[in-house]
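Okay, here's what each chain looks like letter by letter:
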Amino acid sequence: QVQLVESGGGLVQAGGSLRLSCAASTSTFSINTIDWYRQAPGKQRELVATFNSGNSTNYADSVKGRFTISRDNSKNTVYLQMNSLKPEDTAVYYCRAEAWRVTQGPRFTYQYWGQGTRVTVSS
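Bear in mind the structure is a predicted one, so any value in this text is a computation, not a measurement.

What follows is about the overall build of the chain. The helix and strand inventory of the chain stands at 0 helices and 11 strands. Ordered by position in the sequence, the α and β elements of the chain form the string β-β-β-β-β-β-β-β-β-β-β. Against the 2.2 N^0.38 benchmark of 14 Å for 123 residues, the chain shows a C-alpha radius of gyration of 15 Å, consistent with a compact globule. Referenced to the eigenvectors of the C-alpha coordinate spread, the extents of the chain come out at roughly 50 × 25 × 25 Å. Every one of the 123 residues in the chain was classed for burial, and the buried ones make up 41%. Long-range pairs, those at least 24 residues apart, make up 58% of the contacts in the chain with a sequence separation of at least 6. Roughly 6,900 Å² of accessible area belongs to the chain as shown, and the carbon and sulfur atoms make up 44% of that amount. Taking the average location of the 13 positive side-chain charges in the chain and that of its 8 negative ones, the two points are 3 Å from each other.

Shown next, in the form of structure tokens:
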């Protein structure tokens, strides 16, 4: 399995910033990528930020220009820097890892989710 440990959530005022961290660990899987999702109360879970195949990144329109996804490969950690936060950003944020079993090969991929970290933005 892939273990994902999230941190960095909390309460922040509108206009403030938070940095979320997602540390991944596994001994039997190889991780292809890690991205960020969020789910607000009463809403569907949505993709917030992800890495493209190259060096570029993709963001939901609602966070574009305010959020930045980055990674530290040496620490197997992905970050989500959230600036200019709005009350609409209030949600539980999840990291998701796409990985393949080393013994099975990269043809078959699996998804693993973190437990989620709550972000509350006050107006």
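This part is about the environment of glycine 9. Counting through the fold element by element, glycine 9 comes out in the loop between β1 (3-7) and β2 (10-13). Those residues within four positions of glycine 9 in sequence are excluded, and the remaining contacts are Leu20, Thr117, Arg118 and Val119.

On to the sheet that holds strand β8 (residues 77-82). Spatial strand order, β1-β3-β8-β7: 4 strands in an open sheet with antiparallel pairing. The open sheet is flanked by β1 and β7 (67-72), the only strands paired with a single partner. Neighbour-to-neighbour, the strand axes of this sheet turn through a mean angle of 15°, independent of strand direction. One ladder, built from 5 bridges, connects β1 with strand β3 (residues 18-25); its direction is antiparallel. Opposite glutamate 6, over in β3, you have cysteine 22 as the bridge partner.

By definition, a disulfide links the sulfur atoms of two cysteine residues through a covalent bond. The full count for this structure, using the stated rule, is 1 disulfide. Cysteine 22 shares a disulfide with cysteine 95; S-S distance 2.1 Å. Between cysteine 22 and cysteine 95 the disulfide shows an S-S torsion of about 65°. By sign, it is right-handed. One end of the pair, cysteine 22, is in strand β3; the other, cysteine 95, is in strand β9 (residues 91-101), and 73 residues separate them in sequence. Side by side, cysteine 22 and cysteine 95 carry an identical accessibility label, which is buried.

Scoring rules and cut-offs
Residues numbered from 1 in each chain as written. Predicted model: local features only at pLDDT ≥ 70, side-chain atom pairs only at ≥ 80, totals over all residues. Heavy atoms only, no water. Helix = DSSP H or I, 4+ residues; strand = E, 2+ residues; numbered from the N terminus. Rg over C-alpha atoms; globule rule 2.2 N^0.38 Å. Buried < 20%, exposed > 50% of the residue type's maximum accessible area, 1.4 Å probe, protein only. Contact = heavy atoms within 4.5 Å. Areas by Shrake-Rupley, 256 points an atom, 1.4 Å probe, with all protein chains shown as cover. Lys, Arg positive; Asp, Glu negative; His and termini not counted. Charge placed at Lys NZ, Arg CZ, Asp CG, Glu CD. Pairing = 2+ DSSP bridges. Axes fitted to C-alpha atoms, helices over the stretch in contact; angles between N-to-C directions. Disulfide = S-S within 2.5 Å.

From the geometry alone we can't say anything about function, so treat these as descriptive.
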